[in-house]
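Chain residues, written in single-letter form:
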Amino acid sequence: VQLQASGGGLVQAGGSLRLSCAASGRPFGNYAMGWFRQAPGKEREFVAGVKWSVYATYYADSVKGRFTISRDNAKNTVYLQMNSLKPEDTAVYFCAARRSGQTVASRNPGDYAYWGQGTQVTVSS
């Protein structure tokens, strides 16, 4: 399974970015996907996740109401729309996928078997 993340960049506080994660190598479905982020000197943390058996989304409290995770099955792609960005959102963002049949969007990065390469998001104040 290959995951290709893109869409990061530099944006001012209050601005928006949309991250994309294109999946290939297996049928797109029957597994959960998530977005995580890691700031310098900090542990990787859960940002948002989406189930596949039932379309349900989950968010970290720090991004709830500002970020939206979505999917496009036709394009085998998951998105993270990020609005009202804050300097504390600055991090490398990673998309991740669980193994087939694992449909729960876990908040634990250790539960994800496949990872994209990461895309830098920098929010200036």
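Refer to the structure presented above.
Computed from a predicted structure; not experimentally measured.

What counts as what
- Residues numbered from 1 in each chain as written.
- Predicted model: local features only at pLDDT ≥ 70, side-chain atom pairs only at ≥ 80, totals over all residues.
- Heavy atoms only, no water.
- Phe/Tyr/Trp six-rings, centres within 6.5 Å; stacked < 30°, edge-to-face > 60°.
- Helix = DSSP H or I, 4+ residues; strand = E, 2+ residues; numbered from the N terminus.
- Buried < 20%, exposed > 50% of the residue type's maximum accessible area, 1.4 Å probe, protein only.
- Lys NZ or Arg CZ within 6 Å of the ring centre and 35° of its normal.
- Polar contact = N/O pair within 3.5 Å; in protein donor to acceptor, adjacent residues only side chain to side chain.
- Contact = heavy atoms within 4.5 Å.

Notes on the packing of aromatic side chains
Working definition: an aromatic ring pair is given by the centre-to-centre distance plus the angle between the planes.
Then, number 1: A complete count under the given rule lists five aromatic pairs for this structure.
Then, number 2: Measuring from centroid to centroid gives 5.1 Å for Phe 36 and Tyr 112, while their planes differ by 75°, and the two rings are edge-to-face. Placement of Phe 36 in strand S4 (residues 33–38) and of Tyr 112 in the loop between strand S9 (91–97) and strand S10 (114–115) is noted, with a sequence separation of 76 residues between them.
Then, number 3: Residue Phe 36 is classed as buried on the basis of its relative accessible area, which comes to 0%.
Then, number 4: By the ring-pair criterion, three or more aromatic residues cluster together here, those being Phe 36, Phe 46, Phe 94, Tyr 112 and Trp 115.
Then, number 5: Cation over ring: Arg 44 sits above Phe 94, and NZ or CZ is 3.8 Å from the ring centre.
Then, number 6: In this structure, Arg 98 is placed above the aromatic ring of Tyr 112, and the distance from its NZ or CZ to the ring centre is 6.0 Å.

Describing the side chain of Arg 98
Then, number 1: One can find Arg 98 in the loop between S9 and S10.
Then, number 2: Within polar-contact distance, the side chain of Arg 98 engages the backbone oxygen of Asp 111 at 3.0 Å.
Then, number 3: Those residues within four positions of Arg 98 in sequence are excluded, and the remaining contacts are Arg 26, Tyr 31, Ala 32, Val 104, Ser 106, Asp 111, Tyr 112, Ala 113 and Tyr 114.

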